[in-house]
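Observations on chain architecture
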Amino acid sequence: MAKDRLDYRHWHNIVVLTGAGISAESGLGTFRGAGGLWEQQRVEDVATPEAFARDPDLVYRFYNARREHLCGGEVQPNAAHHALADLENLFPGNFALVTQNVDDLHERAGSTRLYHMHGELMKMRCTASGSVFDAPVHFDRDSPCSCCQRAGRLRPHVVWFGEMPIDMDEIYALLADYDLFVAIGTSGNVYPAAGFVQIARQVGATTLEINPEITEGSSLFEFQWRGPAGEQVPRLRDLLMSPG
Ligand code: OAD
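Rules of the game
- Residues numbered from 1 in each chain as written.
- Predicted model: local features only at pLDDT ≥ 70, side-chain atom pairs only at ≥ 80, totals over all residues.
- Heavy atoms only, no water.
- Pairing = 2+ DSSP bridges.
- Helix = DSSP H or I, 4+ residues; strand = E, 2+ residues; numbered from the N terminus.
- Axes fitted to C-alpha atoms, helices over the stretch in contact; angles between N-to-C directions.
- Contact = heavy atoms within 4.5 Å.
- Near = heavy atom within 4 Å.
- Polar contact = N/O pair within 3.5 Å; in protein donor to acceptor, adjacent residues only side chain to side chain.
- Areas by Shrake-Rupley, 256 points an atom, 1.4 Å probe, with all protein chains shown as cover.
- Nonpolar A, V, L, I, M, F, W, Y, C, P; charged D, E, K, R; others polar.
- Buried < 20%, exposed > 50% of the residue type's maximum accessible area, 1.4 Å probe, protein only.

1. Some points on the sheet that holds strand β1 (residues 13–18)
With parallel pairing, six strands are arranged side by side in an open sheet as β3-β2-β1-β7-β8-β9. Lying at the two open borders of the sheet, with one neighbouring strand each, are β3 (114–116) and β9 (223–225). Sheet twist, expressed as the average angle between the axes of neighbouring strands with direction ignored, equals 15 degrees. Strand direction decides the pairing type here: strand β8 (residues 206–210) and β9, joined by three bridges, are parallel. Within β9, the position partnered with L208 by the bridge is F223. Across the sheet, helix α5 (residues 79–90) is in contact with β1, β2 (94–99) and β7 (180–184); its angle to β2 comes to roughly 145 degrees.

2. Observations regarding the site of the ligand
Around the ligand lies a shell of 23 residues, among which F31, R32, W38, T186 and S187 are the nearest. Measuring from an oxygen atom of the ligand, one finds a side-chain N or O atom of T186 at 2.7 Å. Between the ligand and the protein, one listed contact pairs a nitrogen atom with a backbone N or O atom of A229 at 2.8 Å. Out of a free accessible area of 790 Å², the ligand has 89% covered by protein chains. The residue inventory of the shell around the ligand, partitioned by class, reads 10 nonpolar, 10 polar and three charged.

3. Comments concerning unusual backbone geometry
With an omega of 10 degrees, the peptide bond running from Y191 to P192 counts as cis. With respect to the helices and strands, the residue P192 is situated in the loop between β7 and α8 (196–202). In the Ramachandran plot, Q149 falls in the positive-phi region, its phi being about 65 degrees despite a non-glycine side chain. Positionally, Q149 belongs in the loop between β5 (132–134) and β6 (154–158). For Q149, a relative accessible area of 55% gives the class exposed. Unusually for a residue other than glycine, D167 sits at a positive phi of about 65 degrees. The topology assignment puts D167 in the loop between β6 and α7 (168–174).

Here's what the structure looks like:
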């Protein structure tokens, strides 16, 4: 049975992991479940290196459409993104944010100590040099690369299935020493992120899941707050910032 009372007064180091659910109230779809992105589009067609080799135009179109939606003006950070940015600024201890999301809503809300382990939609990468650049809303195989000026070398700077997530050495270093681990809006289906809660338990950190639904990993969390991120994350911020 999950506890409902957090003893927060002695915490110094907090690591937060976010997933697609934190951006749901901003109008971005999640991946799994009814209406999720992976129900409309097969992962094998757009999110693997093999898909990019087989049909790059389809892959470019898929990510161009996602970028267009993200930049269209309707998608804005919500109360949960802002609450995490507040914590980074105001929490007296160490606060780090790891996101599986490729959107830039954490940055737009003001977060700076942020690891995009699955890459960034608004960046592109040269497949020859590995250099990473800001991406325009649209690019494709005719776009000249910003470093070598050659067409056909740019790819989205996102992690596809079968590829290594980004910044894992830094992220595992964070996970070696902390008091509280919070997973927000993630279904716990994709490793290595799905395994962070087990690492947290091994180092003796308190674990909290924020999600409206029960997930694959729910039983591993000591505390579970059921509800939308836009409601529950400001509640966490207020709790952590309240005088002990
Ligand atoms: P999923 O789509 O698997 O899960 C989204 C989670 O968000 C679910 O558990 C929902 O219950 C929850 N959720 C929905 N609305 C919410 C709300 N308002 N507030 C809080 N939570 C809400 O997304 P991820 O777990 O992020 O990877 O998926 C992990 C990875 O799988 C993604 O980064 C992506 C995907 O394939 C790659 O593409 C490499």
